[in-house]
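Below, each chain spelled out in residue letters.
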Amino acid sequence: MGLLERLRASTVWPMMWKEFLQLRRDRLTLGILLGIPAVQLMLFGYAIQTEVRHLPTVVLDEARSGESRALIAALFNTGNFDHAGDVTDRAEIARRIGRGDARAAIVVPADYTRNLKRGRPALAQVIVDAADPLASSAAISAATMAGNARAMELVRRRGAPGLPIEVRVRPWYNPTLRSSVYIVPGIIGVLLTMTMVIITAMAVVRERERGTLEQLVVTPISRLGIMLGKLVPFLGIGLVQISVILLLGRVLFAIPIRGSLVVLYGVGLFFIAASLGVGLLVSTAVRTQGQAMQLGFFYMLPNILLSGFMFPREAMPAPAQWLGALLPLTYFLEVLRGVLLKGVGLEALWPQALALVAFSAVTLTVSVRRFHKTIE
């Protein structure tokens, strides 16, 4: 008797066959089990890159000479900096980097050329947004190497002793390049996404499995009232989560809070609402709590990998960046790091805030409409 015949004759075979049939009928679970490895492979192999180049860079050239332009060209030739425009003063540099329009700035002072001609050390400065240590480390190294290379070229040409050029790199927002300063604010967004989406989806599905959701519908409470009654408490829970992580991050990791908490909590409400809308939308697509958890974790995967939480978005290919732009977490992370690390307000973060308002309106509207259909 062959192995297959022995297996079919055993008491295990009926149970195995039942599980295969049940798995084949549960197409959502089967699709998730087969789809997650494929999606993970594509995300990790194609979209996730840690080497960040081509940082948008503004230039403040106060010397306006051939020597200053040569130094600026040497910095751009490294491939780590891309020209994002010229500025007229340092205040504009702070505004551009604070808004996220630029990630670095090259500053050549007015006495740069005069010092070179007189044989004095000529100083230049490269300012780098170091809120993300991984994204800024390559730029910091490239600026130092480009400055040294330009200095050695002048030494060979003129035969002057010592290095005539010194490029000083100044990291902003995170001068010690601590990874916790970058990661801990992002944990707020990731935990909110995880808890709001998965818990909301499972709570609604649990009501449906028990039959209590249909009982609520036949009461005088409107369906919109039912949904608001279920979702509003989670808004409060989300705000409490933000407070707990902020407090622990401040006490345990010395995370700075440079901006307005009113702005953070105000924008955070719309992010929580958007996440609740996604959770409600998940609940309309599944039938069991297990499916709700599986689909919720499937939604979490691109959020963690493509939103900028772990890996710099600037290093990702364009399709991965477009996919990340469809995630509310991408915009909330910019708000979190902008408020906590950079100290900027709504004047710089209004595009992200507006995007979260749109996400919350769309996800809640679509999910409530689909919810009506599923319980009729």
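Residues numbered from 1 in each chain as written. Predicted model: local features only at pLDDT ≥ 70, side-chain atom pairs only at ≥ 80, totals over all residues. Heavy atoms only, no water.

This paragraph deals with the side chain of Glu92. Note that Glu92 resides in helix H5 (residues 90-99). Although Glu92 is buried, it forms no salt bridge, and the closest oppositely charged side chain is Arg96 at an N-O distance of 4.2 Å. Contact partners of Glu92, with chain neighbours within four places excluded, come to Asp86 and Val87. (Helix = DSSP H or I, 4+ residues; strand = E, 2+ residues; numbered from the N terminus. Buried < 20%, exposed > 50% of the residue type's maximum accessible area, 1.4 Å probe, protein only. Lys, Arg positive; Asp, Glu negative; His and termini not counted. Salt bridge = Lys/Arg side-chain N within 4 Å of Asp/Glu carboxyl O. Contact = heavy atoms within 4.5 Å.)

For the structure on display, the rule yields 3 aromatic pairs. Judged by centre distance (4.4 Å) and plane angle (10 degrees), the ring pair of Phe271 and Phe332 falls under stacked. Within this pair, whereas Phe271 is found in helix H11 (residues 261-285), its partner Phe332 is found in helix H14 (residues 328-342), the two being separated by 61 residues in sequence. Just as Phe271 is buried, Phe332 falls in that class too. Relative to Phe359, the ring of Tyr331 has its centre 5.8 Å away and its plane inclined at 45 degrees; by these criteria the two rings are tilted. Of this pair, Tyr331 sits in helix H14 while Phe359 is found in helix H15 (residues 346-375), placing the two residues 28 residues apart along the sequence. We classify Phe359 as buried; its relative accessible area is 19%. Lying over the aromatic face of Tyr182, Arg337 brings its terminal NZ or CZ to 3.7 Å of the ring centre. (Phe/Tyr/Trp six-rings, centres within 6.5 Å; stacked < 30°, edge-to-face > 60°. Lys NZ or Arg CZ within 6 Å of the ring centre and 35° of its normal.)

Now for the packing of H11 against H14. Geometrically, a packed helix pair is captured by the angle between its two axes and the distance between the axes. For the pair H11 and H14, interaxial distance at closest approach is 10 Å and the crossing angle is 165 degrees. Relative to H14, H11 is oriented roughly antiparallel. Our pair here, H11 against H14, has a crossing hand that is left-handed. Only Pro328, Leu329, Phe332, Val335, Leu336, Val339 and Leu340 of H14 make contact with H11, whose side of the interface consists of Val263, Leu264, Val267, Gly268, Phe271 and Ala274. (Axes fitted to C-alpha atoms, helices over the stretch in contact; angles between N-to-C directions. Parallel < 35°, antiparallel > 145°, perpendicular 65-115°, else oblique. Left-handed = near helix turned anticlockwise from the far one by under 90°.)

What follows is about the pairing of strand S1 (residues 55-61). Burial within S1 is extensive, with 6 of its 7 residues counted as buried. In terms of strand pairing, S1 meets strand S2 (residues 81-86) through 4 bridges, oriented parallel. Bridged to Val59 within S2 is Asp86. As a crossover connection, the stretch from S1 through helix H4 (residues 66-76) into S2 is right-handed. Where S1 and strand S3 (residues 104-108) come together, 5 bridges link them in parallel fashion. Across the sheet, the residue bridging to Thr57 is Ala104, located in S3. (Pairing = 2+ DSSP bridges. Right-handed = clockwise from strand over helix to strand, strands pointing away.)

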